[in-house]
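So you can see what is in the structure, the chains are spelled out below.
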Amino acid sequence: MRPIPGREAAPLPRTFQPLASKPSGSATVEFVFVVPFVLILLAAVWDLRQHIAFRTELAREMYAVAEAISDDRQGTSPLQSAVAAIEARFRDRSDSGLVRVVVVGRGTQRADGTACPDPGWCPPVVLAVWPATAADTAGTWEAVAGQNACSPLGISFPAVGTHFAAGHSVLPYEGDAPDGGTPPAENTWVSRNMSAGEWWVVVDTCIEPEPGMFFGRFRTVFQAMLDTSFVWHRRAVWRSIHERRDCDWC
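Given the structure is predicted, the values throughout are model-derived calculations rather than measurements. (Residues numbered from 1 in each chain as written. Predicted model: local features only at pLDDT ≥ 70, side-chain atom pairs only at ≥ 80, totals over all residues. Heavy atoms only, no water.)

1. Description of the overall build of the chain
For the chain, the helix and strand inventory stands at three helices and five strands. In the chain, the succession of α and β elements from N to C terminus is α-α-β-β-β-β-α-β. Out of the 250 residues in the chain, the part that is buried amounts to 34%. Contacts in the chain between residues far apart in sequence, at least 24 positions, make up 76% of those at least 6 positions apart. Summed over its atoms, the accessible surface of the chain is roughly 15,900 Å², and 58% of this surface lies on carbon and sulfur atoms. (Helix = DSSP H or I, 4+ residues; strand = E, 2+ residues; numbered from the N terminus. Buried < 20%, exposed > 50% of the residue type's maximum accessible area, 1.4 Å probe, protein only. Contact = heavy atoms within 4.5 Å. Areas by Shrake-Rupley, 256 points an atom, 1.4 Å probe, with all protein chains shown as cover.)

2. Brief notes about the state of the cysteines
With the rule as written, the count across this model stands at three disulfides. In the chain, the cysteines engaged in disulfides, taken in order along the sequence, are linked 1-2, 3-4, 5-6. (Disulfide = S-S within 2.5 Å.)

3. Quick notes on the nonpolar core
Within the largest apolar cluster, 28 residues are counted, with the highest numbers of intra-cluster contacts made by Ile 69, Leu 79, Val 103, Trp 199, Val 201, Val 203 and Trp 249. Going through the elements one at a time, helix H1 (26-71), helix H2 (79-90), strand E1 (94-106), strand E2 (124-130), strand E4 (199-209) and strand E5 (232-239) are the ones with two or more residues in this core. Top contributing element to this core by residue count: H1, with six residues. Discounting residues that sit within four places of it in the chain, Val 201 has contacts with Ala 66, Ile 69, Ser 70, Val 101, Val 102, Val 103, Ala 236, Val 237 and Trp 238. Counting residues in each nonpolar core, the second largest holds eleven residues, with Val 102, Val 104, Phe 157 and Val 237 among its members. (Core = buried A, V, L, I, M, F, W, Y, C linked by side-chain atoms within 4.5 Å.)

4. Looking at the confidence of the model for the chain
With 78% of its residues at a pLDDT of 70 or more, the chain shows a mean pLDDT of 79. Model confidence for the chain, summarised as mean pLDDT per element, is weakest for helix H3 (residues 213-222) at 52 and strongest for E2 at 92. (pLDDT = per-residue confidence, 0-100.)

5. Some remarks on unusual backbone geometry
At the junction of Asp 118 and Pro 119, the peptide bond is cis and its omega measures out at 10° in the coordinates. The backbone of Tyr 173 sits at a positive phi, close to 65°, despite the residue not being glycine. Secondary-structure assignment places Tyr 173 in the loop between strand E3 (140-142) and E4.

6. Re the side chain of Arg 192
With respect to the helices, strands and loops of the structure, Arg 192 is situated in the loop between E3 and E4. According to the relative accessible area criterion, Arg 192 is buried, its value standing at 0%. Here Arg 192 is in contact with Trp 121, Cys 122, Pro 123, Pro 124, Phe 164, Ala 165, Gly 167, His 168, Ser 169, Val 170 and Glu 186, once residues within four sequence places are set aside.

7. Observations concerning the packing of aromatic side chains
On inspection of all chains with the given rule, the structure shows four aromatic pairs. Between the aromatic rings of Phe 54 and Phe 90, the centroid separation amounts to 5.2 Å while the plane-to-plane angle is 50°, which identifies the pairing as tilted. Remark: Phe 90 occurs in helix H2 and Phe 54 occurs in helix H1; sequence separation between them is 36 residues. Residues Phe 54 and Phe 90 agree in their burial class; the two are buried. Taking the centre distance of 6.4 Å and the plane angle of 65° together, the rings of Tyr 63 and Trp 238 count as edge-to-face. One end of the pair, Tyr 63, is in helix H1; the other, Trp 238, is in strand E5, with 175 residues separating them in the sequence. Among the aromatic side chains, those forming a connected cluster through ring pairs are Phe 54, Phe 90 and Trp 232. (Phe/Tyr/Trp six-rings, centres within 6.5 Å; stacked < 30°, edge-to-face > 60°.)

8. Quick look at the pairing of E1
With 13 of 13 residues buried, E1 is to be regarded as a mostly interior element. Direction of pairing for E1 relative to E4: antiparallel, over a ladder of eleven bridges. Directly across from Val 101, in E4, lies its bridge partner Val 203. Note that E1 and E3 share three bridges and pair antiparallel. Pairing of Ser 96 across the sheet is with Glu 142, part of E3. Pairing between E1 and E2: six bridges, direction antiparallel. When the sheet's bridge partners are listed, Val 102 is paired in E2 with Val 129. (Pairing = 2+ DSSP bridges.)

Written as structure tokens, this is what we have:
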């Protein structure tokens, strides 16, 4: 059948919805504010990764040096050559630094002057120390003369032949109260219960690391208003597997 003339449906008119356009200049705003934020975030993440890697490497080197010293029981003192490895490795990556080493063994008397019974607890005594005197600048470095952030830290050990004073710890955090509780009695400390044949190597290190790409710029800009420098103080202790009587130099 043919359609009746005049009854054909008229086509619907086509309408077009205009596309919404972005406000003028939005791309410029995003570039100005977002891109710098992303760059700063990437720089901060990079600095953080370098910071963690440097701390890990320092800890590993300290224990490696302590173990090497404790295993060298014959000949001359290996302290200077072993510690020089730490100094040479980290001098170029830090603004300033300080390394001290002490060898300790079981002492003979307590802080009140009474003799230590055996068996029984006793403060350790210093068998060897490096540098030998406090005035010796070996193991100390600084990028700018006279500016060593580690010097006020006061890394110090008793002199050779001197006992550790009451409360003077050997192990890191030894004697600290657990979770804010009561500190443990000194006679329970590990360093106060060494056997007569034991000797430990203690490596104390303080390093002011270079601030890094991001934090270095931050410190340069705000150094007049606040101090953004920081230092790391770490101590590594290693017990020798050899008897004290077998050590020629300690």
